[in-house]
Amino acid sequence: MKLKTLLGPACLGAVLAASAALPAHAATQPAIHSQKGSNGKTIAIFVPSLSNPFFVAEEKFAAEEATKLGYGTMVASHNGNAYTQLNLIKTAIARHVAAIILDNAGADSSISAVKLATKAGVPVFLIDREINAKGIAKAQIVSNNFQGAQLEGTEFAKLMGYKGTYVELTGLPSDTNAKVRSQGVASVLKHFSGMKMVAVQTADWSQSKGFQVTQTLLEAHPHIKGLIADNDTMAMGAEAALLAAHKPNVIVTGFDGSPDVINSIRKGQIKADVLQPIATFSREAVIEADKYIRTGKTGKPEKQELNCTLITKANVGDYTNWAMKSIS
(Lines give C-alpha, C1' and ligand atoms only; values in the text may rest on other atoms or scores of the structure.)
Protein backbone atom coordinates (compact mmCIF):
# COMPACT_ATOMS: atom_id res chain seq x y z
CA MET A 1 0.00 0.00 0.00
CA LYS A 2 1.17 3.52 -0.66
CA LEU A 3 1.85 6.00 2.09
CA LYS A 4 -1.00 8.32 1.08
CA THR A 5 -3.42 5.41 1.53
CA LEU A 6 -2.02 4.45 4.90
CA LEU A 7 -1.87 7.97 6.27
CA GLY A 8 -5.05 9.82 5.48
CA PRO A 9 -5.46 13.62 5.65
CA ALA A 10 -6.54 13.56 9.31
CA CYS A 11 -3.58 11.44 10.39
CA LEU A 12 -1.11 13.46 8.34
CA GLY A 13 -2.53 16.65 9.84
CA ALA A 14 -2.00 15.28 13.33
CA VAL A 15 1.59 14.35 12.51
CA LEU A 16 2.32 17.80 11.11
CA ALA A 17 0.70 19.43 14.13
CA ALA A 18 2.80 17.29 16.44
CA SER A 19 5.93 18.29 14.51
CA ALA A 20 5.10 21.97 14.82
CA ALA A 21 4.65 21.55 18.56
CA LEU A 22 8.11 20.11 19.05
CA PRO A 23 10.81 22.35 20.52
CA ALA A 24 13.25 23.92 18.10
CA HIS A 25 16.15 21.64 19.09
CA ALA A 26 14.02 18.60 18.22
CA ALA A 27 13.88 19.53 14.56
CA THR A 28 17.59 18.91 14.07
CA GLN A 29 17.93 15.96 11.72
CA PRO A 30 20.82 13.60 12.49
CA ALA A 31 23.08 12.27 9.77
CA ILE A 32 21.49 9.39 7.87
CA HIS A 33 23.69 6.88 6.09
CA SER A 34 22.00 4.95 3.31
CA GLN A 35 23.12 2.02 1.19
CA LYS A 36 21.25 0.38 -1.68
CA GLY A 37 20.46 -3.31 -1.72
CA SER A 38 19.79 -5.85 -4.43
CA ASN A 39 16.08 -6.46 -3.78
CA GLY A 40 14.91 -2.83 -4.02
CA LYS A 41 13.78 -2.70 -0.39
CA THR A 42 15.31 -0.90 2.58
CA ILE A 43 15.50 -1.69 6.29
CA ALA A 44 16.04 1.28 8.62
CA ILE A 45 18.30 0.75 11.63
CA PHE A 46 18.11 3.36 14.39
CA VAL A 47 20.29 3.15 17.52
CA PRO A 48 20.95 5.49 20.47
CA SER A 49 24.55 6.34 19.54
CA LEU A 50 27.13 5.74 16.84
CA SER A 51 29.99 6.63 19.22
CA ASN A 52 29.27 4.02 21.93
CA PRO A 53 30.96 0.73 20.86
CA PHE A 54 27.93 -1.31 21.96
CA PHE A 55 25.51 0.51 19.67
CA VAL A 56 28.05 0.64 16.84
CA ALA A 57 28.32 -3.15 17.01
CA GLU A 58 24.53 -3.48 17.24
CA GLU A 59 24.10 -1.46 14.04
CA LYS A 60 26.93 -3.34 12.31
CA PHE A 61 25.47 -6.80 12.98
CA ALA A 62 21.99 -5.72 11.88
CA ALA A 63 23.26 -3.97 8.73
CA GLU A 64 25.42 -6.94 7.74
CA GLU A 65 22.45 -9.30 8.04
CA ALA A 66 20.23 -6.94 6.05
CA THR A 67 22.83 -6.68 3.28
CA LYS A 68 23.24 -10.46 3.23
CA LEU A 69 19.48 -10.80 2.67
CA GLY A 70 19.54 -8.28 -0.18
CA TYR A 71 18.17 -5.20 1.58
CA GLY A 72 19.44 -1.66 1.43
CA THR A 73 20.00 0.06 4.77
CA MET A 74 19.17 3.43 6.29
CA VAL A 75 21.23 3.97 9.45
CA ALA A 76 21.08 6.82 11.98
CA SER A 77 21.40 7.62 15.68
CA HIS A 78 18.67 9.28 17.73
CA ASN A 79 21.11 9.98 20.60
CA GLY A 80 18.57 8.84 23.14
CA ASN A 81 16.29 11.74 22.20
CA ALA A 82 12.63 10.81 21.70
CA TYR A 83 11.97 13.83 19.44
CA THR A 84 14.90 12.98 17.19
CA GLN A 85 13.70 9.38 17.13
CA LEU A 86 10.21 10.51 16.07
CA ASN A 87 11.67 12.56 13.22
CA LEU A 88 13.72 9.58 12.06
CA ILE A 89 10.62 7.38 12.11
CA LYS A 90 8.76 9.97 10.00
CA THR A 91 11.66 10.05 7.53
CA ALA A 92 11.68 6.26 7.33
CA ILE A 93 7.94 6.25 6.62
CA ALA A 94 8.36 8.92 3.92
CA ARG A 95 11.10 6.83 2.29
CA HIS A 96 8.81 3.77 2.27
CA VAL A 97 11.24 1.53 4.15
CA ALA A 98 10.18 -2.10 4.45
CA ALA A 99 10.90 -2.36 8.19
CA ILE A 100 12.55 -0.57 11.10
CA ILE A 101 15.06 -2.10 13.53
CA LEU A 102 15.05 0.13 16.61
CA ASP A 103 17.01 0.37 19.85
CA ASN A 104 14.63 2.91 21.30
CA ALA A 105 14.97 6.18 23.20
CA GLY A 106 12.77 5.29 26.17
CA ALA A 107 10.29 2.65 27.31
CA ASP A 108 7.44 5.16 27.55
CA SER A 109 8.55 8.00 25.28
CA SER A 110 9.02 5.68 22.29
CA ILE A 111 5.52 4.23 22.24
CA SER A 112 4.02 7.00 20.09
CA ALA A 113 6.82 6.70 17.50
CA VAL A 114 6.38 2.93 17.22
CA LYS A 115 2.61 3.42 16.92
CA LEU A 116 3.13 5.95 14.13
CA ALA A 117 5.27 3.53 12.11
CA THR A 118 2.89 0.65 12.70
CA LYS A 119 -0.12 2.73 11.64
CA ALA A 120 1.77 3.64 8.46
CA GLY A 121 2.27 -0.05 7.68
CA VAL A 122 5.97 -0.13 8.57
CA PRO A 123 6.73 -3.01 10.97
CA VAL A 124 9.03 -2.20 13.90
CA PHE A 125 11.42 -4.69 15.50
CA LEU A 126 12.83 -3.56 18.84
CA ILE A 127 16.23 -4.71 20.06
CA ASP A 128 18.10 -4.27 23.36
CA ARG A 129 15.37 -2.21 25.03
CA GLU A 130 11.67 -2.95 25.21
CA ILE A 131 8.81 -0.47 25.41
CA ASN A 132 6.01 -0.44 27.98
CA ALA A 133 3.39 -1.54 25.48
CA LYS A 134 2.48 -4.81 23.78
CA GLY A 135 0.98 -5.50 20.38
CA ILE A 136 2.53 -2.51 18.60
CA ALA A 137 6.02 -3.70 17.67
CA LYS A 138 6.27 -6.97 15.75
CA ALA A 139 9.08 -8.13 18.04
CA GLN A 140 10.91 -7.01 21.16
CA ILE A 141 14.17 -8.95 21.28
CA VAL A 142 16.22 -8.12 24.36
CA SER A 143 18.86 -9.45 26.71
CA ASN A 144 17.71 -11.01 29.96
CA ASN A 145 19.08 -8.08 31.93
CA PHE A 146 17.96 -9.40 35.32
CA GLN A 147 19.65 -12.75 34.72
CA GLY A 148 22.80 -10.99 33.48
CA ALA A 149 22.86 -8.69 36.51
CA GLN A 150 22.54 -11.69 38.79
CA LEU A 151 25.56 -13.23 37.07
CA GLU A 152 27.51 -10.03 37.64
CA GLY A 153 26.40 -9.71 41.26
CA THR A 154 27.27 -13.32 42.03
CA GLU A 155 30.77 -13.05 40.54
CA PHE A 156 31.35 -9.65 42.15
CA ALA A 157 30.50 -11.07 45.58
CA LYS A 158 32.87 -13.98 45.00
CA LEU A 159 35.68 -11.64 43.92
CA MET A 160 35.06 -9.52 47.02
CA GLY A 161 35.34 -12.58 49.25
CA TYR A 162 31.76 -11.83 50.35
CA LYS A 163 32.86 -8.89 52.50
CA GLY A 164 33.92 -5.24 52.26
CA THR A 165 32.55 -1.89 51.11
CA TYR A 166 31.67 -1.14 47.52
CA VAL A 167 29.93 1.38 45.25
CA GLU A 168 27.68 0.94 42.24
CA LEU A 169 27.46 2.97 39.03
CA THR A 170 24.03 2.86 37.41
CA GLY A 171 22.74 3.85 33.97
CA LEU A 172 20.29 6.50 32.81
CA PRO A 173 17.42 6.78 35.31
CA SER A 174 14.91 6.82 32.43
CA ASP A 175 16.23 3.56 30.98
CA THR A 176 14.36 0.39 31.92
CA ASN A 177 17.55 -1.65 31.57
CA ALA A 178 19.26 0.52 34.19
CA LYS A 179 16.55 -0.23 36.73
CA VAL A 180 16.42 -3.94 35.95
CA ARG A 181 20.19 -4.38 36.19
CA SER A 182 20.41 -2.55 39.50
CA GLN A 183 17.56 -4.68 40.84
CA GLY A 184 19.24 -7.86 39.61
CA VAL A 185 22.51 -6.97 41.31
CA ALA A 186 20.71 -6.07 44.54
CA SER A 187 18.78 -9.35 44.51
CA VAL A 188 22.10 -11.17 44.91
CA LEU A 189 24.21 -8.85 47.06
CA LYS A 190 21.52 -8.34 49.71
CA HIS A 191 22.19 -11.89 50.91
CA PHE A 192 25.78 -11.16 51.98
CA SER A 193 25.80 -9.35 55.31
CA GLY A 194 29.56 -8.82 55.15
CA MET A 195 29.22 -6.63 52.07
CA LYS A 196 28.16 -3.00 52.39
CA MET A 197 27.22 -0.64 49.57
CA VAL A 198 28.34 2.82 50.68
CA ALA A 199 27.16 4.70 47.58
CA VAL A 200 25.16 4.25 44.40
CA GLN A 201 25.20 6.91 41.70
CA THR A 202 24.24 7.20 38.07
CA ALA A 203 26.92 7.82 35.45
CA ASP A 204 24.39 7.79 32.57
CA TRP A 205 26.06 4.88 30.72
CA SER A 206 28.93 7.31 29.94
CA GLN A 207 32.67 6.61 30.12
CA SER A 208 33.56 10.22 30.88
CA LYS A 209 30.89 10.43 33.58
CA GLY A 210 32.01 7.07 34.91
CA PHE A 211 35.47 8.59 35.36
CA GLN A 212 34.17 11.79 36.99
CA VAL A 213 31.67 10.07 39.28
CA THR A 214 34.27 7.55 40.43
CA GLN A 215 36.68 10.36 41.27
CA THR A 216 33.99 12.00 43.38
CA LEU A 217 33.06 8.74 45.09
CA LEU A 218 36.71 8.05 45.91
CA GLU A 219 36.97 11.39 47.70
CA ALA A 220 34.06 10.42 49.94
CA HIS A 221 34.94 6.73 50.21
CA PRO A 222 38.69 6.32 49.67
CA HIS A 223 38.87 2.79 51.09
CA ILE A 224 36.30 0.96 49.00
CA LYS A 225 37.15 -2.61 48.05
CA GLY A 226 34.99 -2.89 44.94
CA LEU A 227 33.00 -1.08 42.27
CA ILE A 228 30.21 -2.70 40.29
CA ALA A 229 29.33 -0.95 37.03
CA ASP A 230 26.05 -1.60 35.25
CA ASN A 231 27.59 -1.24 31.81
CA ASP A 232 31.01 -1.37 30.17
CA THR A 233 31.58 2.28 29.29
CA MET A 234 31.06 3.24 32.95
CA ALA A 235 33.34 0.37 33.98
CA MET A 236 36.09 1.67 31.70
CA GLY A 237 35.71 5.19 33.08
CA ALA A 238 35.78 3.87 36.65
CA GLU A 239 38.87 1.75 35.99
CA ALA A 240 40.69 4.78 34.54
CA ALA A 241 39.81 6.86 37.61
CA LEU A 242 41.00 4.10 39.96
CA LEU A 243 44.30 3.74 38.11
CA ALA A 244 44.77 7.52 38.17
CA ALA A 245 44.17 7.42 41.93
CA HIS A 246 46.75 4.61 42.30
CA LYS A 247 44.09 2.14 43.42
CA PRO A 248 44.56 -0.77 40.99
CA ASN A 249 43.40 -3.34 43.52
CA VAL A 250 39.80 -2.12 43.70
CA ILE A 251 37.66 -4.86 42.14
CA VAL A 252 35.69 -3.69 39.09
CA THR A 253 33.10 -5.61 37.05
CA GLY A 254 31.11 -4.55 33.99
CA PHE A 255 28.14 -5.45 31.83
CA ASP A 256 27.93 -5.61 27.99
CA GLY A 257 30.83 -7.67 26.64
CA SER A 258 32.69 -4.89 24.84
CA PRO A 259 36.16 -5.57 23.38
CA ASP A 260 37.67 -2.81 25.57
CA VAL A 261 36.56 -4.47 28.80
CA ILE A 262 37.54 -7.91 27.51
CA ASN A 263 41.06 -6.57 26.85
CA SER A 264 41.11 -5.17 30.38
CA ILE A 265 40.18 -8.61 31.75
CA ARG A 266 43.02 -10.14 29.75
CA LYS A 267 45.39 -7.64 31.38
CA GLY A 268 44.07 -8.52 34.84
CA GLN A 269 42.52 -5.11 35.46
CA ILE A 270 38.70 -5.33 35.25
CA LYS A 271 37.88 -8.70 36.80
CA ALA A 272 34.65 -9.85 35.12
CA ASP A 273 32.07 -8.84 32.53
CA VAL A 274 28.61 -9.92 31.42
CA LEU A 275 28.25 -10.48 27.69
CA GLN A 276 24.93 -9.49 26.17
CA PRO A 277 23.94 -11.60 23.13
CA ILE A 278 24.16 -8.51 20.94
CA ALA A 279 25.27 -10.34 17.79
CA THR A 280 22.37 -12.77 18.14
CA PHE A 281 19.55 -10.32 18.79
CA SER A 282 20.72 -7.78 16.20
CA ARG A 283 20.82 -10.40 13.46
CA GLU A 284 17.65 -12.13 14.64
CA ALA A 285 15.65 -8.90 14.40
CA VAL A 286 16.58 -8.56 10.73
CA ILE A 287 15.84 -12.23 10.03
CA GLU A 288 12.39 -11.85 11.61
CA ALA A 289 11.81 -8.59 9.73
CA ASP A 290 12.64 -10.34 6.45
CA LYS A 291 10.21 -13.17 7.23
CA TYR A 292 7.50 -10.68 8.15
CA ILE A 293 8.05 -8.70 4.94
CA ARG A 294 7.75 -11.88 2.89
CA THR A 295 4.96 -13.70 4.77
CA GLY A 296 3.23 -11.25 7.10
CA LYS A 297 4.35 -13.24 10.14
CA THR A 298 7.52 -13.70 12.20
CA GLY A 299 6.71 -17.13 13.58
CA LYS A 300 7.98 -15.96 16.97
CA PRO A 301 6.39 -14.39 20.07
CA GLU A 302 6.64 -10.62 20.32
CA LYS A 303 8.74 -10.63 23.52
CA GLN A 304 11.95 -12.64 23.24
CA GLU A 305 14.48 -12.61 26.08
CA LEU A 306 17.99 -14.00 25.53
CA ASN A 307 20.29 -15.00 28.38
CA CYS A 308 23.65 -13.36 29.03
CA THR A 309 27.05 -15.01 29.60
CA LEU A 310 29.61 -14.33 32.34
CA ILE A 311 33.16 -13.67 31.14
CA THR A 312 36.12 -14.02 33.50
CA LYS A 313 39.84 -14.68 33.20
CA ALA A 314 38.96 -18.40 32.94
CA ASN A 315 36.95 -18.21 29.70
CA VAL A 316 38.05 -14.92 28.15
CA GLY A 317 39.98 -16.87 25.51
CA ASP A 318 36.67 -18.00 24.01
CA TYR A 319 35.54 -14.45 23.33
CA THR A 320 35.47 -13.14 19.77
CA ASN A 321 33.68 -10.12 18.27
CA TRP A 322 30.95 -9.57 20.89
CA ALA A 323 30.26 -13.31 21.23
CA MET A 324 31.70 -16.51 22.65
CA LYS A 325 33.08 -18.97 20.11
CA SER A 326 30.89 -21.75 21.39
CA ILE A 327 27.68 -19.73 20.95
CA SER A 328 28.51 -17.24 18.16
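Right above here is the structure, for reference.
Since we're looking at a predicted model, the values are computed, not measured.

Asker: What exactly am I supposed to notice about the nonpolar core here?
Answerer: The nonpolar side chains of a soluble globular protein tend to be buried, and buried together. Counting 52 residues, the largest nonpolar core has Ile 43, Ile 45, Ile 101 and Ile 311 as the members making the most contacts within it. It is helix α3 (residues 53–68) that contributes the most residues to this core, seven residues altogether. Among all residues touching Ile 311, those that are not within four sequence positions of it are Ile 262, Ile 265, Ala 272, Asp 273, Leu 275, Val 316, Tyr 319 and Met 324. Membership of the second largest hydrophobic core comes to 25 residues, among which are Leu 86, Val 97, Val 122 and Ile 136.

Asker: Could you clarify how one ought to interpret the sheet that holds strand β10 (residues 251–256) in this entry?
Answerer: Two orientations exist for strands paired in a sheet by backbone hydrogen bonds: parallel and antiparallel. Here six strands make up an open sheet; going across it, the order is β8-β7-β9-β10-β11-β13 and the pairing mixed. Looking along the sheet, the strands with just one partner apiece sit at the ends: β8 (195–202) and β13 (309–311). On average, adjacent strands in this sheet sit at an angle of 20 degrees to one another, irrespective of strand direction. Docked against the sheet, helix α6 (residues 145–159) engages β7 (164–170), β8, β9 (226–229), β10, β11 (272–275) and β13, running at close to 165 degrees with respect to β10. Along the sheet face, helix α7 (residues 176–189) touches β7, β8, β9 and β10 and points at about 165 degrees away from the line of β7.

Asker: Quick question: what am I supposed to make of helix α8 (residues 207–220) here?
Answerer: Side chains three or four residues apart in an α-helix point the same way, a direct result of the helix having 3.6 residues per turn. For α8, spanning 14 residues, the distance from its first C-alpha to its last is 20 Å, which sits close to the expected 20 Å at 1.5 Å a residue. For α8, the complete set of buried residues consists of Gly 210, Val 213, Thr 214, Leu 217 and Leu 218. Buried residues in α8, looked at end-on, bunch into an arc of 140 degrees, giving them a common side. The elements touched by buried residues of α8 are β7, β8, β9 and α9 (232–244).

Asker: Explain the pairing of strand β6 (residues 139–143) here, please?
Answerer: Two faces belong to every sheet, and in a regular strand the side chains alternate between them. Within β6, five of the five residues are buried, which leaves the element mostly enclosed by the surrounding structure. Residues Ala 139, Ile 141 and Ser 143 point to one face of β6 and Gln 140 and Val 142 to the other, with burial holding for every one of them. In this sheet, β6 lies alongside strand β5 (residues 124–127) in parallel orientation, the contact comprising three bridges. Paired with Leu 126 across the bridge in β6 is Gln 140.

Asker: When you look at the environment of Lys 41 in this model, what are you seeing that I'm missing?
Answerer: When you line up the elements, Lys 41 lands in the loop between β1 (33–35) and β2 (42–47). Separated by 146 residues in sequence, Lys 41 and Ser 187 place their C-alpha atoms 46 Å apart. Excluding residues that lie within four positions of it along the chain, Lys 41 makes contacts with Tyr 71, Gly 72, Ala 98 and Ile 293.

Asker: Got a minute to help me understand the packing of α8 against α9 in this structure?
Answerer: Pairs of packed helices are described in terms of their axes, by the angle between the two and the distance that separates them. At their nearest, the axes of α8 and α9 sit 7 Å apart, and the two run at 45 degrees to each other. With respect to α9, the axis of α8 lies oblique. Considering how the two elements wind past one another, α8 and α9 form a crossing that is right-handed. Along the contact surface, α8 presents Gln 207, Gly 210, Phe 211, Thr 214, Gln 215 and Leu 218, while α9 presents Thr 233, Met 234, Met 236, Gly 237, Ala 238, Ala 240, Ala 241 and Leu 242.

Asker: Would you take a moment to explain the pattern of salt bridges for this structure?
Answerer: Pairing is possible between side chains of opposite charge, provided their charged atoms come close. In the structure shown here, the tally under the stated rule is eleven salt bridges. The partner of Asp 128 in a salt bridge is Arg 129, with the nearest N and O atoms 3.6 Å apart. Taking relative accessible area as the criterion, Asp 128 reaches 3% and is therefore assigned buried. Judged by its relative accessible area of 11%, Arg 129 is buried. Through salt bridges with shared partners, a single network forms among Asp 103, Asp 128, Arg 129 and Asp 175.

Criteria and thresholds
- Residues numbered from 1 in each chain as written.
- Predicted model: local features only at pLDDT ≥ 70, side-chain atom pairs only at ≥ 80, totals over all residues.
- Heavy atoms only, no water.
- Core = buried A, V, L, I, M, F, W, Y, C linked by side-chain atoms within 4.5 Å.
- Buried < 20%, exposed > 50% of the residue type's maximum accessible area, 1.4 Å probe, protein only.
- Helix = DSSP H or I, 4+ residues; strand = E, 2+ residues; numbered from the N terminus.
- Contact = heavy atoms within 4.5 Å.
- Pairing = 2+ DSSP bridges.
- Axes fitted to C-alpha atoms, helices over the stretch in contact; angles between N-to-C directions.
- Expected span 1.5 Å × (residues − 1).
- Arc of directions from axis to C-beta.
- Parallel < 35°, antiparallel > 145°, perpendicular 65-115°, else oblique.
- Left-handed = near helix turned anticlockwise from the far one by under 90°.
- Salt bridge = Lys/Arg side-chain N within 4 Å of Asp/Glu carboxyl O.

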